[in-house]
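Structural description and commentary
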Amino acid sequence: MIIWINGTHGAGKTTTSALVQRLIPDSQVFNAEKVGETLMDITPGLPATDNFQHWPPWRPLVVETARRVLDYTGGTLVMPMTVLVEEYWREISAGLARYDIPVRHFVLHADQDTLRGRIEGDTVLAPVPSPFRLRYLEPYAEAARTWLHAEAEVVDTTHLTPAQVALRIAEAVKG
């Protein structure tokens, strides 16, 4: 099974995923961003884009990598990854379904002001607020309004600690 943890940049996916992994026996964290980083390392380089998810190979490579890891390890993959383009989510989820891999899709949600405050207050990632992360606040809001919240189990993180969020996800998966 895959536990996909979605949400905009700065929502707490990476932190939450590590905590969920500790609560789910036989689980590993697989960050699909690493697939994008591999594509970014191709030289002289793929066509210019502002997001590696726009490269057509990224989506099937995420599916294939997840499938291969699950075939090798069994258990559960916890996958923190922002996917805000509905077409991309459909391609990934359909690809996983073709391999009969069940997916529990969660979205970590908070209001725009809370998300902005978290991004601006994050001094671990960078000494200044990340323009990249801030740029995705509106696309996240649009995806949430139009399709994303209907496709996933939404966890409002506004007043929860990452440990509380992880516990909610783990309990939902186990229960």
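Residues numbered from 1 in each chain as written. Predicted model: local features only at pLDDT ≥ 70, side-chain atom pairs only at ≥ 80, totals over all residues. Heavy atoms only, no water.

1. Quick notes on the environment of Thr-65
Tracing the sequence through the fold places Thr-65 in helix α3 (residues 58-73). It is 33 Å that separates the C-alpha atoms of Thr-65 and Glu-120, two residues lying 55 residues apart in sequence. Those residues within four positions of Thr-65 in sequence are excluded, and the remaining contacts are Phe-30 and Val-35. Of the polar contacts made by the side chain of Thr-65, one reaches the backbone oxygen of Leu-61; its length is 2.6 Å. (Helix = DSSP H or I, 4+ residues; strand = E, 2+ residues; numbered from the N terminus. Contact = heavy atoms within 4.5 Å. Polar contact = N/O pair within 3.5 Å; in protein donor to acceptor, adjacent residues only side chain to side chain.)

2. Observations regarding the packing of helix α1 (residues 13-23) against helix α8 (residues 162-174)
The packing of two helices is summarised by the inter-axis angle and the distance between the axes. Running from N to C, α1 and α8 cross one another at 50°; their axes reach a closest spacing of 8 Å. Classified by the angle their axes make, α1 and α8 are oblique. Regarding α1 and α8, the two cross each other, and that crossing is right-handed. Note on element contacts: α8 touches α1 through Pro-162, Ala-163, Val-165, Ala-166, Leu-167, Ile-169, Ala-170 and Lys-174, opposite Thr-15, Thr-16, Leu-19, Val-20 and Leu-23. Each residue belonging to the contact of α1 with α8 can be placed in one class, and the counts come to 10 nonpolar, two polar and one charged. (Axes fitted to C-alpha atoms, helices over the stretch in contact; angles between N-to-C directions. Parallel < 35°, antiparallel > 145°, perpendicular 65-115°, else oblique. Left-handed = near helix turned anticlockwise from the far one by under 90°. Nonpolar A, V, L, I, M, F, W, Y, C, P; charged D, E, K, R; others polar.)

3. Some details on the environment of Asp-71
Take Asp-71: it is sitting in helix α3. On the basis of relative accessibility, which here comes to 56%, the residue Asp-71 falls in the exposed class. In the structure, Asp-71 is positioned 70 residues away from Met-1 in sequence and 11 Å away in space, judged by C-alpha atoms. (Buried < 20%, exposed > 50% of the residue type's maximum accessible area, 1.4 Å probe, protein only.)

4. With respect to the layout of surface pockets
Here the largest pocket is characterised by a volume of approximately 890 Å³. His-9, Gly-10, Lys-13, Thr-14 and Arg-133 are, among the 36 residues lining the largest pocket, the residues nearest its centre. Looking at the lining of the largest pocket, the elements that each hand over two or more residues are α1, α2 (33-40), α5 (112-121), α6 (131-135) and α8. Grouping the constituent residues of the lining of the largest pocket by class yields 14 nonpolar, 14 polar and eight charged. (1 Å grid on protein atoms, 1.4 Å probe; cavity = no way out; pocket = protein on both sides within 12 Å on 5 of 7 lines; lining within 4 Å. Points joined across faces, edges and corners; volume = space filled by probe spheres on them.)

5. Let's talk about the pattern of salt bridges
If the charged atoms of two oppositely charged side chains come close together, the side chains can form a pair. With the rule as written, the count across this model stands at 10 salt bridges. Arg-59 serves as the salt-bridge partner of Glu-91, at 2.8 Å between the closest nitrogen and oxygen. Taken together, the positions of Glu-91 in helix α4 (residues 86-98) and Arg-59 in helix α3 put the pair 32 residues apart, joining distant regions of the chain. Judged by its relative accessible area of 31%, Glu-91 falls in the partly exposed class. Here Glu-64 makes a salt bridge to Arg-68, at a shortest N to O gap of 2.8 Å. (Salt bridge = Lys/Arg side-chain N within 4 Å of Asp/Glu carboxyl O.)

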